Amino acid sequence: MKRTLLITLQACLLAGIASTSFAADKLVFGIALEPYPPFSFKSGKGEWSGFEPEMITAVCERMKADCSLNEMSWDGLIPALKSQQVDVVLNSLSITPERQQVIDFTQPYFFTRALWIGDRSMELEPTPAGLKGKIIGVQGSTTHAAFVKKYYGETSTIRYYNDQDDILADLRSGRVDIMLADQLVVEPLLDNPDNSMLASKGVAPLDPLFGDGVGAGVRKGNDALRERLNVALQSLRADGSYEKIRERYFKSDISALE
Amino acid sequence: MTLSDISRLFFSDGWLQALAQGMVKTLGISLGAFVLGLAIGLVVAMVKLKGPRWMVVCANCYTTLYRAVPELLLILLLYYAGADLINLTLAAFGQPSVEINGFMAAVVVLGIVQGAYSGEIIRGSIESIPHGQIEAARAYGISRSLLVRRVILPCMLPFAIAGLSNLWLVLVKESALISVVGYSELLTAGRQAAASTKHYLLFYLAVAAFYYLITLVSSSVFRRVEVRFERWMPRHA
């Protein structure tokens, strides 16, 4: 009796070990449910595509991991990472000191500048003095929001949005005077006939608040996974797969600051 | 935009199906929350009418608190703080943290809010039962649980049904608030469709049409239920 019990126990233990080692190769990637073209957008059939979903697929191929996407609101990505609902966030997350206090990042996999967008007919100098008394729209919980809050918070009114598209809509209807957003995301949107009254008002200066490129976020202390991601990202760059994916979505090189 | 554009967006691009899936989720959340709310409401009503004093105080606190605080705030509180609390408790016992399932969280959060409202509706309805009917049942020596099942509940329903059907319709719309925590119900599906295709007006109107459809169908269901439950009631007219 004792023997059978022991054997059963051993079997359970072994099964347990086997299942955990299997589970280690299952990775859940968090993705913001707000579409953010061309980085990530959803089809009517429910499939995600864009630069980042393709990067996720490519990275997982290199790591030989079984990956799945978990959709949630942008605000909830870092909390979900911390509470182990997802293992990696590879979703336009800029590497900032503030975020580095709560999560760890891989090496950056792209760089982007922040761009001011305003009404074509309005003369706007995007300096704190030039935007005095103006209304600035930014997406909340972003590096743009942190930048605007620090330098423009005292003299201008800042409005926070959940969604890039809501700011553009308010910009068109004049409820916001100017917006600060990701250059790679908003520049293509300016070609849309709906936005013909909008124009670029210049690129924001480099600032530590914009972070040091965009990297994949992992839980603090999860160095093994971070290293695996770094190796995978490096090998994608080395053999040109990264460039192939990039070409499909962006005209210019985004792997370094110009 | 032409009709062929619209049909392409809805049919070949599959957004109609995405919205329909969103609607199924909205209905799922609403139904779950409604049932949970009814269960909580029934307990609260019973406690308020017959419970010991300290339980009555608790029940009063619950209904006042949850009807006073905006639902959106409660959802944020229960979803984020609730998840943290569960994981902290688990961590205190040395257990790994759990993933908060979006559907369950939505049902529990909305159900708890609904419980406060339906508790008051049910309490009022039970108090509307002519007391003689309950006394008559007691005079026959009927057991307590049988009294509830055979007398109080059937007699209460005609009074409660109008209030409850109202509550259901409010709940369906309230389920849209769950979109703030990123559960992909009907409104979230509509927002994603609008943002991905840049056809805002079209998809927001489509979402409105879906909510209208839910209301239309549930109104007719409730009308039938009402007729059935009121069949013992004296008819005036």
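How each quantity is defined
Residues numbered from 1 in each chain as written. Chains lettered and ligands numbered in written order. Predicted model: local features only at pLDDT ≥ 70, side-chain atom pairs only at ≥ 80, totals over all residues. Heavy atoms only, no water. UniProt positions renumbered as here; feature names shortened; annotations may be inferred. Helix = DSSP H or I, 4+ residues; strand = E, 2+ residues; numbered from the N terminus. Expected span 1.5 Å × (residues − 1). Buried < 20%, exposed > 50% of the residue type's maximum accessible area, 1.4 Å probe, protein only. Arc of directions from axis to C-beta. Contact = heavy atoms within 4.5 Å. Salt bridge = Lys/Arg side-chain N within 4 Å of Asp/Glu carboxyl O. Disulfide = S-S within 2.5 Å.

- Chain B appears in an unreviewed UniProt entry as Amino acid ABC transporter permease from Pseudomonas monachiensis.
- The Sequence similarities (unreviewed entry) field of the UniProt record for chain B holds the comment "Belongs to the binding-protein-dependent transport system permease family. HisMQ subfamily."

- The name given to chain A in an unreviewed UniProt entry is Transporter substrate-binding domain-containing protein, with Pseudomonas monachiensis as the source organism.
- UniProt, in its Sequence similarities (unreviewed entry) section for chain A, records the words "Belongs to the bacterial solute-binding protein 3 family."

## Points about helix 8 (residues 223–238) of chain A
Residues and elements named next belong to chain A.
- With 16 residues, helix 8 ought to run about 22 Å at 1.5 Å a step, and its terminal C-alpha atoms sit 22 Å apart, in line with that.
- Burial in helix 8 covers these residues: Leu225, Leu229, Asn230, Ala232, Leu233 and Leu236. Relative to the axis of helix 8, the buried residues are bounded by an arc of 165° and lie together on one face. Residues of helix 8 that are exposed and point over 90 degrees away from its buried face: Ala224, Val231 and Ala238.
- Its buried side turned inward, helix 8 meets strand 1 (26–32), helix 2 (51–63), strand 5 (88–89), strand 12 (217–219) and helix 9 (241–249).
- Positive phi shows up at Gly240, right after helix 8, with a value of about 85°.

## Some details on the pattern of salt bridges
All names here are of chain B.
- Counted according to the given criterion, the structure contains 18 salt bridges over all chains.
- Linking Arg8 and Asp13 is a salt bridge whose minimum nitrogen-to-oxygen distance equals 3.4 Å.
- Exposure remark for Asp13: the relative accessible area of 28% places this residue in the partly exposed category.
- One network of salt bridges, in which partners are shared, links Lys48, Arg67, Glu120, Arg123 and Glu127.

## So, the state of the cysteines
- This model, assessed by the stated rule, comprises one disulfide over all chains.
- Covalent S-S linkage joins Cys60(A) and Cys67(A), the inter-sulfur distance amounting to 2.0 Å. Disulfide Cys60(A)-Cys67(A): the torsion about the S-S bond is -100°, which places it as left-handed.
- A residue is classified by how much of its surface remains accessible, and Cys60(A), at 6% relative accessible area, is buried.
- Owing to a relative accessible area of 27%, Cys67(A) belongs among the partly exposed residues under this scheme.
- This cysteine, Cys61(B), is not joined by any disulfide, and Cys58(B) carries the nearest cysteine sulfur, 6.6 Å off.

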